[in-house]
Amino acid sequence: MATIAELKSALKETLESRGVLGQLKARIRAEVFNALDDQSESRPALSHENLLINELIREYLEFNKYRYTASVLTAESGQPEVPLDRQFMANELNVVEDPSSKSVPLLYGMLAHFLNDSKGEKGGMMFLKGPSVPVSKENGFSQPNEWNRGDIPEPGQVAGPSNADPFTLRGGYR
């Protein structure tokens, strides 16, 4: 007859080999986070930039089957439960996709673009512009009620230069 230790070991090996153990641990972490999350503490409204950034991250997480991590991101950030439409995201980011790039998250294509396609201009360097929202000491960005009305992008617009040419994402990054 098998001992308790042998049964535990066999169960652990079986769950690991089926890929279930990692999922269970992630699910437990997500549930613990949800139980500890203080709903009485109000979160600042999402800026347009943070909404887009969070959506890029969520698309990446879900593509890689990090579902529980994505659920924690959604709960903690206040991101809408329903993902933003991919075409809407591409338009907001001034991205033109070719058919093969649509099989991977936008983040992969954007990274590949900057790693591979942009080496000719400015000696391979990319110059970054700061966010359109003023910086505060507490969290790096001001709260929406502190913004000047001119700093808030209108719906359907992204912060930053509007005259930038769109870049094309090509597939085959993964």
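Residues numbered from 1 in each chain as written. Predicted model: local features only at pLDDT ≥ 70, side-chain atom pairs only at ≥ 80, totals over all residues. Heavy atoms only, no water.

Participant: How should the confidence of the model for the protein be read in this particular structure?
Facilitator: Regions with low pLDDT should not have their predicted coordinates read in detail. Averaged over the protein, the pLDDT score is 74; the fraction of residues at 70 or greater is 64%. Confidence drops under a pLDDT of 50 for residues 136-163, and excluding neighbours within four residues, the segment shows 35 contacts in the predicted structure. (pLDDT = per-residue confidence, 0-100. Contact = heavy atoms within 4.5 Å.)

Participant: How should the pattern of salt bridges be read in this particular structure?
Facilitator: Pairing of side chains with opposite charge becomes possible as their charged atoms draw close. By the definition in use, this model includes four salt bridges. One salt bridge in this structure joins Glu31 and Arg27, with 2.9 Å as the shortest N-O distance. In this pair, Glu31 and Arg27 are both assigned in helix α2 (residues 20-36), four residues apart and thus about one turn of the helix distant. Ionic contacts of the salt-bridge type, sharing partners, join the residues Glu59, Arg86 and Glu97 into one network. (Salt bridge = Lys/Arg side-chain N within 4 Å of Asp/Glu carboxyl O. Helix = DSSP H or I, 4+ residues; strand = E, 2+ residues; numbered from the N terminus.)

Participant: Before we go on, may I ask you to explain the packing of α2 against helix α4 (residues 67-77) in this structure?
Facilitator: Angle between the axes and distance between the axes are the two parameters that describe a pair of packed helices. Packing of α2 against α4 leaves a shortest axis separation of 9 Å and a crossing angle of 15°. Judged by the angle between their axes, α2 and α4 are roughly parallel. α2 and α4 meet at a crossing whose hand is left-handed. The residues of α4 that touch α2, namely those facing Gln23, Ala26, Arg27, Ala30, Phe33 and Asn34, are Tyr68, Ser71, Val72, Ala75 and Glu76. The class makeup of the residues in the contact of α2 with α4 is six nonpolar, three polar and two charged. (Axes fitted to C-alpha atoms, helices over the stretch in contact; angles between N-to-C directions. Parallel < 35°, antiparallel > 145°, perpendicular 65-115°, else oblique. Left-handed = near helix turned anticlockwise from the far one by under 90°. Nonpolar A, V, L, I, M, F, W, Y, C, P; charged D, E, K, R; others polar.)

Participant: How do you make sense of the environment of Glu55 when you look at a structure like this?
Facilitator: On the secondary structure map, Glu55 appears in helix α3 (residues 48-63). When its relative accessible area of 5% is taken as the criterion, Glu55 is described as buried. C-alpha separation for the pair Glu55 and Leu84, spaced 29 residues apart in sequence, amounts to 7.0 Å. With sequence-adjacent residues up to four places away left out, Glu55 is seen in contact with Gln79, Pro83, Leu84 and Met89. Here Leu84 takes part through its backbone nitrogen, which lies 3.3 Å from a polar atom of the side chain of Glu55. (Buried < 20%, exposed > 50% of the residue type's maximum accessible area, 1.4 Å probe, protein only. Polar contact = N/O pair within 3.5 Å; in protein donor to acceptor, adjacent residues only side chain to side chain.)

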